[in-house]
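As a plain string of letters, each chain reads:
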Amino acid sequence: MARIIDIAREEDIALAEGRRLLNQGELVAMPTETVYGLAADATNPDAIAKIYAAKGRPAFNPLICHMSDLAMAEDYAVFSPLARRLAEAYWPGPMTLVLPLKENAGIAPAATADLPTVGVRVPKGFAGKLIARTGRPLAAPSANTSGRISPTTAAHVEADLGDRLQLILDAGPAEVGVESTILKVEDDAITLLRPGGIAAAEVERLTGHPVLRPARKTAIVAPGMMVSHYAPTATVRLDATRVEDGEALVLFGPQTIENASAACATFQLSETSDLAEAASRLYDTMKLADASGARVIAFAPVPKDGIGEAINDRLSRAAAPRKED
């Protein structure tokens, strides 16, 4: 099993061990403000192959390359004035920009799924320190089996991928709890590829540009675009106003749900109807509901404004038909 280092108590050791393994082409589970990531040197093709193998991730699904700062990101991606404005406003933070890949940038082709674009992000906190210490960008999808619930604690990573890793760096529960907002920026056009920790409306207010939505079945050019994703073992049922016998129920705020007493277990995303709290608790709550043994998890309605758009995106993908179905 993987060694776990508590960053709060041993940050220097965590940075040194993380750097050592990453520079050797190994995988390291690292915390970010969104979810825990499965990190590898983005310039090392063998290390990138290990990410896809450990997760069972389809090779056509590109990875986000995490940078220490805007200056590092500019070494690998081409920034238009609009893209730079977004980066300066939201980095470090939960926003990924999909931009043209610089010629001969050195990113491993598998990290971009051989696309002419690259997703770049500057994370907050410890992850940024680790990238700076390592001295190269880190590709880091969520540290879980592909298609399943993303991890927001080190314990989640250990339970899923602990036997495939040497090191998990533990910074406690992730602050945001859902993945980054992904925007593709082409000249003056902004397209939302994945809702996340920064609301599209906020981007529109900042830039004065509308944030476009792609068709549901558009080509996959960024993580989180697969129809079925973020899924528990149980079937997910959305916008439930009634509970059927034996279902697990997940509430948002003080809602009245018909036949709620028939639920085998009941969970609450936010008693005060706080969308940010609901986002931070979403994946952990989904894991707890899945562990209840229910064959179906019924989610009460969650508003779609602000970060609620990201919550509903994750739930809709969790509820989508799966290959095994």
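Preceding this paragraph is the structure being described.
In short, a report on the structure. (Residues numbered from 1 in each chain as written. Predicted model: local features only at pLDDT ≥ 70, side-chain atom pairs only at ≥ 80, totals over all residues. Heavy atoms only, no water.)

What to know about the pairing of strand β5 (residues 95-100)
Thinking step 1. When you tally the buried positions in β5, you get 5 out of 6 residues, the bulk of the element.
Thinking step 2. Bridge count between β5 and strand β9 (residues 181-186): 4 bridges; the pairing is parallel. Within the sheet, the bridge partner assigned to T96 lies in β9 and is I182.
Thinking step 3. With 4 bridges connecting them, β5 and strand β6 (residues 117-121) associate as antiparallel partners. Residue pairing across strands places P100 opposite T117, the latter belonging to β6. (Buried < 20%, exposed > 50% of the residue type's maximum accessible area, 1.4 Å probe, protein only. Helix = DSSP H or I, 4+ residues; strand = E, 2+ residues; numbered from the N terminus. Pairing = 2+ DSSP bridges.)

Focus: the packing of helix α4 (residues 81-90) against helix α7 (residues 200-207)
Thinking step 1. The N-to-C vectors of α4 and α7 enclose an angle of 115°; their axes lie 11 Å apart at closest approach. When you trace α4 past α7, the crossing you get is right-handed. Residue-level contacts link L82, R85, L86, A89 and Y90 of α4 to E202, V203, L206 and T207 of α7.
Thinking step 2. In terms of residue class, the contact of α4 with α7 is built from 6 nonpolar, 1 polar and 2 charged. (Axes fitted to C-alpha atoms, helices over the stretch in contact; angles between N-to-C directions. Left-handed = near helix turned anticlockwise from the far one by under 90°. Contact = heavy atoms within 4.5 Å. Nonpolar A, V, L, I, M, F, W, Y, C, P; charged D, E, K, R; others polar.)

Topic: the packing of aromatic side chains
To describe a pair of aromatic rings, one takes the distance between the centres and the angle between the planes.
Thinking step 1. Inspection of the entire model under this criterion finds 1 aromatic pair.
Thinking step 2. Here the aromatic rings of F79 and W91 are separated by 6.0 Å at their centres, their planes lie at 80°, and the arrangement is edge-to-face. Residue F79 is found in the loop between α3 (70-74) and α4, and its partner W91 is found in the loop between α4 and β5; the two are separated by 12 residues along the sequence. Accessibility assignment for this pair places F79 and W91 in one class, buried. (Phe/Tyr/Trp six-rings, centres within 6.5 Å; stacked < 30°, edge-to-face > 60°.)

What about the environment of A240?
Thinking step 1. Summarising the element assignment, A240 is placed in the loop between β12 (235-237) and β13 (248-251).
Thinking step 2. With 17 residues separating them in the primary sequence, A240 and I257 have C-alpha atoms 7.7 Å apart.
Thinking step 3. Those residues in contact with A240 that lie beyond four places of it in its chain are I257, A298, F299, A300 and P301.

Concerning the environment of G293
Thinking step 1. Mapped onto the fold, G293 is located in the loop between α8 (275-291) and β15 (296-299).
Thinking step 2. The exposure class assigned to G293 is exposed, which follows from its relative accessible area of 60%.
Thinking step 3. Distance in space between the C-alpha atoms of G293 and A234 is 8.1 Å, their sequence separation being 59 residues.

Quick look at the nonpolar core
Thinking step 1. Core analysis: the largest hydrophobic core is formed by 68 residues, its most contacted members being F79 and L97.
Thinking step 2. Grouped together as the second largest cluster of nonpolar side chains are 29 residues, V178, V250, A265 and I311 included. (Core = buried A, V, L, I, M, F, W, Y, C linked by side-chain atoms within 4.5 Å.)

Some thoughts on the pattern of salt bridges
Thinking step 1. As enumerated under the stated definition, the model contains 18 salt bridges in all.
Thinking step 2. Between E17 and R20 there is a salt bridge whose closest N-O contact spans 2.9 Å. Of this pair, E17 and R20 both sit in helix α1 (residues 7-23), 3 residues apart, roughly one helical turn.
Thinking step 3. A salt bridge links R121 to E33; its shortest N-O distance comes to 2.8 Å. Of this pair, R121 sits in strand β6 while E33 sits in the loop between β2 (28-30) and β3 (37-41); the two residues are 88 residues apart in sequence, bridging distant segments of the chain. (Salt bridge = Lys/Arg side-chain N within 4 Å of Asp/Glu carboxyl O.)

Overview of the sheet that holds strand β14 (residues 265-268)
Thinking step 1. Read across the open sheet, the 4 strands follow the order β12-β15-β13-β14; overall the sheet is parallel. Either end of the sheet is taken by a strand with one partner, and the two such strands are β12 and β14. On average, adjacent strands in this sheet sit at an angle of 20° to one another, irrespective of strand direction.
Thinking step 2. In this structure, β13 lies alongside β15, joined through 3 bridges in parallel fashion. Bridge pairing links V250 to F299 in β15.
Thinking step 3. Lying over the sheet, α8 contacts β13, β14 and β15, oriented at roughly 140° with respect to β15.

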